[in-house]
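Structural characterization, general
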Amino acid sequence: TYALWLEKVRSDLDIANTLPGKAAAYTYFYLREDDMKIIGMVNIRLELTDFLRKEGGHIGYSIRPTERGKGYGTKMLREVLKIFGRIGINSIIVTCDKKNIASAGVIKNCGGVLDSEFYSKTYGEVLQRYSIAVCSEK
């Protein structure tokens, strides 16, 4: 339910009390300003578990299906990279399904370099793992 998901999002913010095997994270909605429509959402993980280091990465994002192909994914990821720069995380990991050519394009548009491809038993598909160098902002 939405209530349970919202409780999870709130608990992810509690950096001091993150459960073992879980990562502290922020979740944001990406809004289009002219009509305040939710275009997508992004999950920013401040640390990585072993699983996230290999299969999930620092960022999870999605774009509303009706808004895909309009450049919002690239804009959203670029904004998120600024957050990592401000908090001093210089290199991030992002993964996507190998079949998701649009997501791979977003990652590459934002400086992503393919590190590896591997089969994920968790997701039942081939994933691509990218790294992105982040510029620090002062």
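As a starting point, this report considers the structure included with it. All residue numbers refer to positions counted from 1 along the written sequence of the respective chain. Given that this is a predicted model, residues contribute local features only at a pLDDT of at least 70 and side-chain atom pairs are listed and counted only at 80 or more, while totals for whole chains, interfaces and linings are drawn from all residues. The basis for every side-chain value is the complete set of non-hydrogen atoms in the structure, without hydrogens or water.

Here's the deal with the overall build of the protein
Scanning the protein from N- to C-terminus turns up four helices and six strands. When the elements of the protein are put in sequence order from the N terminus, they spell out α-β-β-α-β-α-β-α-β-β. Judged by the C-alpha coordinates and their principal axes, the protein covers about 40 × 40 × 35 Å. Here's how the labels work: a residue is buried when its accessible area is under 20% of the maximum for its type, exposed when over 50%, partly exposed in between, all with a 1.4 Å probe on protein chains only. By the burial criterion, 38% of the 138 residues in the protein qualify as buried. Contacts between residues were defined by any pair of non-hydrogen atoms, one from each residue, lying within 4.5 Å. Nonlocal contacts in the protein, meaning residues at least 24 apart in sequence, comprise 52% of its contacts between residues at least 6 apart. Numbering of helices and strands runs from the N terminus, with a helix taken as a DSSP run of H or I at least four residues long and a strand as a DSSP run of E at least two residues long.

Thoughts on the sheet that holds strand β2 (residues 37-45)
Within a sheet, neighbouring strands are paired by backbone hydrogen bonds and run either parallel or antiparallel to one another. Pairing between strands is defined by DSSP: at least two bridges between them are needed. With antiparallel pairing, three strands are arranged side by side in an open sheet as β1-β2-β3. Of all strands in the sheet, those with a lone pairing partner are β1 (25-32) and β3 (59-63), marking the two edges. Neighbouring strand axes in the sheet, compared pairwise and without regard to direction, differ in orientation by 15° on average. Note on geometry: axes are C-alpha line fits, over the in-contact stretch for helices, and angles between N-to-C directions span 0 to 180 degrees.

Considerations on the environment of Glu 67
Tracing the backbone shows Glu 67 in the loop between β3 and α3 (72-87). Sequence spacing of Glu 67 and Ile 38 is 29 residues, and the spatial spacing of their C-alpha atoms is 9.7 Å. Sequence-distant contacts of Glu 67, that is, excluding residues within four places in its chain, are made with Arg 32, Lys 37, Ile 39 and Tyr 72. Think of a polar contact as two N or O atoms within 3.5 Å of one another; within protein, one of them needs to be a possible hydrogen donor and the other a possible acceptor, and neighboring residues in sequence only count if both atoms come from side chains. In terms of polar contacts, Glu 67 uses its side chain to reach the side chain of Lys 70, at 3.1 Å.

With respect to the layout of surface pockets
Only protein atoms enter the 1 Å grid used here. Points where a 1.4 Å probe fits but cannot escape make up a cavity, open sets with protein on both sides within 12 Å along at least five of seven lines make up a pocket, and a residue lines them when an atom lies within 4 Å of a point. Grid points are joined across faces, edges and corners, and a volume is the space filled by probe spheres set on the points. Roughly 620 Å³ of volume is contained in the largest pocket. Lining the largest pocket are 28 residues, and of these Tyr 61, Ser 62, Cys 96, Asn 100 and Ser 103 sit closest to its centre. Contributing elements (two or more residues each) for the lining of the largest pocket: α2 (50-56), β3, α3, β4 (91-97), α4 (101-109) and β6 (125-133). Here the element with the most residues in the lining of the largest pocket is β3; it accounts for five residues. Note on residue classes: Ala, Val, Leu, Ile, Met, Phe, Trp, Tyr, Cys and Pro are nonpolar, Asp, Glu, Lys and Arg are charged, and everything else, Gly too, is polar. Residues that form the lining of the largest pocket fall into these classes: 11 nonpolar, 10 polar and seven charged.

Examining the packing of α3 against α4
Closest axis-to-axis distance for the α3/α4 pair is 9 Å, and the angle between their directions is 45°. As far as their axial angle goes, α4 and α3 are oblique. The handedness of the crossing between α3 and α4 comes out as right-handed. Of the residues in α4, those touching α3 at Gly 73, Thr 74, Leu 77 and Arg 78 are Val 106, Ile 107 and Asn 109. Tallied by class, the residues present in the contact of α3 with α4 amount to three nonpolar, three polar and one charged. Oblique is the label for every angle not falling under 35 degrees (roughly parallel), over 145 degrees (roughly antiparallel), or within 65 to 115 degrees (roughly perpendicular). We call a crossing left-handed when the near helix sits turned anticlockwise from the far one by less than a right angle, and right-handed when that turn is clockwise.

Focus: the side chain of Thr 74
Mapping Thr 74 onto the fold places it in helix α3. Accessibility expressed as a relative area gives 10% for Thr 74, which makes it buried. The contacts of Thr 74, once residues within four sequence positions are left out, are Val 106, Asn 109 and Cys 110.

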